[in-house]
Amino acid sequence: GFGWEGSVTMNVANRFRLVVNGALPQTRQYNAAMDFKAYVAANQAQWTQWANDPTNAKRTSDQNSLATVQQVVNGFQDERAQNGTYKYRYNLLGVYTVRSGALRGLRIGGGSQIYGPMIAGNQVDRPYDYIYARGYRLYTASLGYPVKVRSLRWDFQLNFDNVLDYDRALLNGM
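Computed from a prediction, not measured in an experiment: that's the story for all the values here.

Asker: Residue-level account of the sheet that holds strand β8 (residues 152–160), with values.
Answerer: Here 6 strands make up an open sheet; going across it, the order is β1-β2-β3-β4-β7-β8 and the pairing antiparallel. Either end of the sheet is taken by a strand with one partner, and the two such strands are β1 (4–12) and β8. Put simply, the sheet's adjacent strands are angled 10 degrees from each other on average, direction ignored. Judged from the 8 bridges that link them, strand β2 (residues 16–24) and strand β3 (residues 89–97) form a sheet pairing that is antiparallel.

Asker: Lay out the packing of aromatic side chains with the relevant residues and their values.
Answerer: Throughout the structure, instances matching the rule amount to 8 aromatic pairs. Seen from their ring centres, tyrosine 115 and tyrosine 136 are 4.5 Å apart, and the 15 degrees between their planes marks the pair as stacked. Of the two residues, tyrosine 115 is situated in strand β4 (residues 107–115) and tyrosine 136 in strand β7 (residues 136–149); the sequence distance between them amounts to 21 residues. Under the relative-accessibility criterion, tyrosine 115 is labelled buried at 11%. Judged by relative accessible area, which is 13%, tyrosine 136 ranks as buried. Taken together, a centroid distance of 6.3 Å and an interplanar angle of 80 degrees make the contact between tyrosine 130 and tyrosine 132 edge-to-face. Classification of tyrosine 132 as partly exposed rests on a relative accessible area of 36%. Linked through ring pairs, Tyr86, Tyr115, Tyr136 and Tyr166 together constitute an aromatic cluster. The residue whose ring lies beneath lysine 87 is tyrosine 132, and the NZ or CZ to ring-centre distance is 4.6 Å.

Cut-offs applied
Residues numbered from 1 in each chain as written. Predicted model: local features only at pLDDT ≥ 70, side-chain atom pairs only at ≥ 80, totals over all residues. Heavy atoms only, no water. Pairing = 2+ DSSP bridges. Helix = DSSP H or I, 4+ residues; strand = E, 2+ residues; numbered from the N terminus. Axes fitted to C-alpha atoms, helices over the stretch in contact; angles between N-to-C directions. Phe/Tyr/Trp six-rings, centres within 6.5 Å; stacked < 30°, edge-to-face > 60°. Buried < 20%, exposed > 50% of the residue type's maximum accessible area, 1.4 Å probe, protein only. Lys NZ or Arg CZ within 6 Å of the ring centre and 35° of its normal.

Given below as C-alpha cells:
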C-alpha cells in the first residue's frame, strides 16, 4: 500500500515557530505468513484425520485446535490492511521565544500528538471486518532557557510529556 505524509514548519512572526505534520497511511499485507501457511497445508490432512477419528480420546480438542488454526490462516489475507495502522496521525508543536527584556531567550512550547483509530484486529474468520481501537491525543509542553557561563553557552530545556495525564487503556491488538 501507500499513504500520504507531509510536514510544514513555519516561523509565524519572529517569535513563534509552528511545526505541523500529518500522515494518512494505507498499508497492505502481501504474501502473509507463507511459511506458516505451508506448514499448515503440509500437516492439515493428518490433523483432520485425527480430529475426525471417533476413537481419538482428544477428538474434541483436536477439532477445536484445527478450527482455530484455520481461522488464523484465513486471517492472513493478501491485500488486507495491516494491524497497527492508524487511519490518520497528526502532530502539532508551537514554540514561543521571548526576544527582549529580562527573560530574553526564554522558550515556551506546547504540542499535541493526535492518533486516529487504529486497526487492532478483525472479526473471527472475517479478515476484512476490522476492529478499531479508539483514537486518542497526547499533549506536551516545554520550557527552555539559554545560559552563558564565561565562554560557554548552555541551553536547558524541560519537556513535559502527557501533560493531561491520559491514562485510558490502549488496545494494541487482538
